[in-house]
Every structure is written in C-alpha cells, then in structure tokens.
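Notes for the structure review
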Amino acid sequence: MMKAVLCLIFTLCRCQSFAQNIVCYYDGRAGTYATPVLPEALQSANCTHYTYIGIGLTSKGDLRELNPNFDMKIVYGPNCDSPAVAASLDSLINNVALFLTRHNLDGVDVDWRYPGSRGGKPNDKANFQKFLIRLRARLNMMNKLLAISVSPNPAPSGVAYDATTLSLYADMINVYAFNFTEGTETVTTNLAPMYSNSANPISVNSSISSWLSTKVRKNKLNLVVATYARSYTLANAASKSGLGAPTRGQGLAGTNSKQPGYLSQDEFCAIKSGYGNTSDATTQTTFFARDSSWVSSETADSLVQKYSYVIDSGLAGVGIYTLDWDDTSDGCGAGQFPAVQLARDYLLSSY
C-alpha cells in the first residue's frame with residue numbers, strides 16, 4: 001500500500017517499501033492550470049512516496065487548507081515558520097498530529113527555507129532542532145514518517161541545520177539539488193549541473209559532498225531533481241547567447257501552467273524542435289536556444305547521470321520535483337512521467 005506524507009511546506013506521501021526511495025512531489029497549484037493536473041492523474045507514476053505540497057501555517061501554529069475546494073497548499077516564508085516554532089511549539093505539533101489523523105496521512109515533510117537565514121532569526125536553528133525532536137516523539141506514537149527538505153547550498157545549510165539532529169530524527173532528508181541561484185540570476189544559468197566548473201561553482205556533486213562532509217547519514221539522503229525547465233529572455237542574442245549570457249528577465253511561460261520563466265516538460269517538448277541545443281560533458285548539462293529564448297532543462301542523459309550518482313554514492317534515493325511538471329501526457333514521446341520511469345529503471349532494478 002502506498003502512503004502519504006504532509007509538509008511546512010507540509011506534504012503528504014503514499015509509500016511502498018523498496019530498497020531505494022523515489023519520492024514524487026505534486027504541487028497543488030497544478031489544479032489551477034488552464035487544463036488542471038489533478039492528483040488522481042498521477043497514480044500511474046508508480047513512485048515509492050507521493051509528497052503533496054501542502055498546507056498553510058500561521059504564526060500561532062494553526063494549519064490552514066488554503067484551497068478547501070480542491071487541495072491543501074502551503075504558504076511559508078522566512079518569518080512565517082519562526083514564530084510558530086519558537087512560541088507555539090505545542091500547538092503546532094498537536095495540529096500536525098490532528099491533521100495527519102483527520103486526513104489519514106502517513107507523515108510530514110518539513111520544508112523550512114531556511115532556519116536562521118533569508119530574514120530568519122539567530123535562534124531559529126536551535127528552535128528547529130527542538131521542533132524536530134518533539135515532533136519525532138509525537139510521530140513515533142502515531143507510527144508516522146518524518147521527512148526534512150533541505151537547502152543544497154553550503155552556506156544556508158551550516159546556519160540552518162544540525163546534521164546529527166537530522167540523522168537521528170528524520171526518516172528521509174531531501175536535498176533540493178537544483179536551481180542553486182533561487183531565481184536571483186541576471187545571466188543564463190544551468191538548472192542543475194552535475195559537476196562544477198568556473199561558470200557553475202555550485203553543483204549537484206558539490207552540494208551532496210558538502211552534506212556528506214557534515215557526517216549526515218547518507219542512507220537517509222534523497223537527491224531531488226527538477227522536472228521543469230527554466231527559461232530566460234536574452235538581452236542581446238546576436239552578441240551572446242551561451243551560458244552566462246546577459247538576460248532581460250524571465251523567459252517563456254508555458255501555455256498551460258502560465259508561469260513566466262518555467263516550462264513543464266510537455267510544454268517544452270511542444271516547441272523544442274525549433275531550438276538548437278548545446279551540451280557540456282563536464283557539467284552534464286544541456287541548454288537550448290532560439291532567437292532571444294534560452295532554456296535550461298534536464299535530459300534523459302543528465303537524469304541517468306544523477307540516478308547513477310545516487311547508486312554509486314550509496315544515497316537513499318531520489319526525489320522528483322514535481323510530477324505535474326513532468327511529461328504527464330506523453331507529449332515528448334517517451335511515455336508518461338519519464339523522469340520517474342528512468343528512476344525506476346536505474347534505482348529499483350538494482351535490487
């Protein structure tokens with residue numbers, strides 16, 4: 001039977017028992033697309049865990065279903081979680097437990113970006129540790145799972161997290177190893193380079209290596225990959241159109257998701273034939289360009305490189321962020337949810 005895990009983000013998850021994890025995220029905003037992508041359309045992906053983003057959280061520790069007519073969406077921010085964890089810890093934990101019971105969920109994924117940084121307070125890290133310890137104790141009584149989603153960047157990680165606490169109390173630690181600039185870039189940037197070079201000092205490998213250097217338990221680490229493509233509008237395509245080229249902002253929005261700067265895989269496949277592509281063997285990345293439009297996206301080859309890295313490094317598994325950004329309709333011709341199916345081919349066939 002599959003399970004469901006809730007998130008701050010709170011997420012929900014449905015799980016099967018396998019030697020390695022394939023944790024698949026679903027963002028409730030997909031239900032508002034021009035052609036909605038609804039949760040019932042995702043079951044054929046065959047993930048080991050389904051993680052549903054999520055639930056609203058107030059400063060008093062109350063949980064809110066922000067779209068009760070459809071789903072439960074999270075609102076979080078640098079100052080949203082801090083008061084709830086610092087001053088309303090008992091209320092927050094009780095509300096999480098009640099919510100899991102009421103909705104028959106199997107656990108919670110805590111995604112606080114990030115304790116002690118991005119406008120947070122110096123004591124956030126200690127409060128976060130206290131929260132996880134107390135929450136773990138309550139979840140043990142209920143036989144529920146605890147997952148923690150963490151930053152890929154070394155700087156926030158050191159301020160925000162204690163590796164020993166994560167190793168002891170989390171069932172899974174999900175490393176968001178993509179979009180390292182978090183949307184602040186002014187030049188074209190690879191979404192998730194596998195290895196570093198001068199243009200990409202932070203990479204999947206550097207992020208995981210940084211986490212492993214903290215002595216965190218690697219058999220709890222899931223490497224989270226992105227299914228969406230990032231798009232930019234070049235400032236002057238005639239003079240510079242490669243990696244690091246100046247941009248004048250976000251690029252194309254998808255015809256269905258309508259989010260500037262982001263394209264789902266099926267949205268990108270619908271226009272990809274008109275783009276030239278350039279690959280780099282060192283970073284294991286590919287970017288696509290046409291006129292002033294520039295797109296960075298995972299390919300089957302780059303995903304295979306990451307999945308093989310997970311196996312070779314002895315990590316717990318992978319995360320797919322998100323199912324609704326993957327090819328849900330076989331528009332690319334490789335079947336539905338190709339990122340998940342590749343993960344199943346590489347991770348689950350190894351055992």
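Above this text is the structure in question.
Residues numbered from 1 in each chain as written. Predicted model: local features only at pLDDT ≥ 70, side-chain atom pairs only at ≥ 80, totals over all residues. Heavy atoms only, no water.

1. What about the state of the cysteines?
The tally for this structure, following the rule as stated, stands at 2 disulfides. Note that Cys 24 is cross-linked by a disulfide to Cys 47, the S-S spacing being 2.0 Å. Given an S-S torsion of about -85°, the disulfide between Cys 24 and Cys 47 has left-handed geometry. Of the two residues, Cys 24 is situated in strand S2 (residues 21-27) and Cys 47 in the loop between S2 and strand S3 (49-53); the sequence distance between them amounts to 23 residues. We note that Cys 24, like Cys 47, is buried. Each bonded cysteine of the chain is numbered by sequence order, and under that numbering the disulfide pairs are 1-2, 3-4. (Disulfide = S-S within 2.5 Å. Helix = DSSP H or I, 4+ residues; strand = E, 2+ residues; numbered from the N terminus. Buried < 20%, exposed > 50% of the residue type's maximum accessible area, 1.4 Å probe, protein only.)

2. Focus on the pairing of strand S10 (residues 229-234)
In terms of burial, S10 is a largely internal element, 6 of the 6 residues being buried. With burial as the criterion, each face of S10 is covered, one bearing Ala 229, Ser 231 and Thr 233 and the other bearing Arg 230, Tyr 232 and Leu 234. As judged from the 4 bridges shared by S10 and strand S15 (residues 293-296), these two strands associate in the antiparallel manner. Paired with Ser 231 across the strands is Val 295, a residue of S15. Bridging between S10 and strand S11 (residues 247-250) involves 2 bridges; their strand directions are antiparallel. Residue pairing across strands places Tyr 232 opposite Gln 250, the latter belonging to S11. (Pairing = 2+ DSSP bridges.)

3. What to know about helix H6 (residues 204-213)
Those residues of H6 that fall on the buried side of the exposure criterion are Val 204, Ser 207, Ile 208 and Trp 211. Seen end-on, H6 carries its buried residues on one side only, within an arc spanning 90°. The positive-phi residue at the C-terminal boundary of H6 is Lys 215, with phi of around 70°. (Arc of directions from axis to C-beta.)

4. A closer look at empty space enclosed by the protein
One simple way to see leftover space: roll a probe sized like a water molecule over the atoms. Overall, the coordinates contain 2 cavities of 30 Å³ or more when judged by the stated rule. The space that makes up the largest cavity amounts to roughly 60 Å³. Broken down by class, the residue content of the lining of the largest cavity amounts to 2 nonpolar, 7 polar and 1 charged. For the second largest cavity, the full set of lining residues is Asn 179, Phe 180, Thr 181, Glu 185, Thr 189, Asn 190, Leu 191, Arg 230 and Tyr 232. Looking at the lining of the second largest cavity residue by residue, the classes come out as 3 nonpolar, 4 polar and 2 charged. (1 Å grid on protein atoms, 1.4 Å probe; cavity = no way out; pocket = protein on both sides within 12 Å on 5 of 7 lines; lining within 4 Å. Points joined across faces, edges and corners; volume = space filled by probe spheres on them. Nonpolar A, V, L, I, M, F, W, Y, C, P; charged D, E, K, R; others polar.)

5. Focus on the packing of helix H8 (residues 300-313) against helix H9 (residues 338-347)
When two helices pack together, their arrangement is given by the angle between the helix axes and the distance between those axes. Axis separation between H8 and H9 bottoms out at 10 Å; the angle between their running directions is 40°. One finds that H8 runs oblique with respect to H9. Here H8 and H9 pass one another in a crossing that is right-handed. For the pair H8 and H9, contact is made by Ala 300, Leu 303, Val 304, Tyr 307, Ser 308, Val 310 and Ile 311 and by Ala 339, Leu 342, Ala 343, Tyr 346 and Leu 347, respectively. Considering only residue class, the contact of H8 with H9 consists of 11 nonpolar, 1 polar and no charged. (Axes fitted to C-alpha atoms, helices over the stretch in contact; angles between N-to-C directions. Parallel < 35°, antiparallel > 145°, perpendicular 65-115°, else oblique. Left-handed = near helix turned anticlockwise from the far one by under 90°. Contact = heavy atoms within 4.5 Å.)

6. Structural notes on the packing of aromatic side chains
Tallied over the entire structure, the rule returns 19 aromatic pairs. Arranged with centres 5.5 Å apart and planes meeting at 40°, the rings of Tyr 161 and Trp 211 form a pair that is tilted. A residue pair is termed long-range when its members are at least 10 positions apart, and Tyr 161 in the loop between helix H4 (154-160) and helix H5 (163-169) and Trp 211 in helix H6 qualify at 50 residues. Using a relative accessible area of 5% as the deciding quantity, one classes Tyr 161 as buried. Plain terms: the ring middles of Phe 268 and Phe 288 are 5.1 Å apart, the flat faces sit at 80° to each other, and that makes the pair edge-to-face. With Phe 268 in helix H7 (residues 265-269) and Phe 288 in strand S14 (residues 285-290), the pair connects residues that are 20 residues apart, well separated along the chain. You'll find Phe 268 and Phe 288 in the same group, each marked buried. (Phe/Tyr/Trp six-rings, centres within 6.5 Å; stacked < 30°, edge-to-face > 60°.)

Don't take any of this as a statement about function, it's just geometry.
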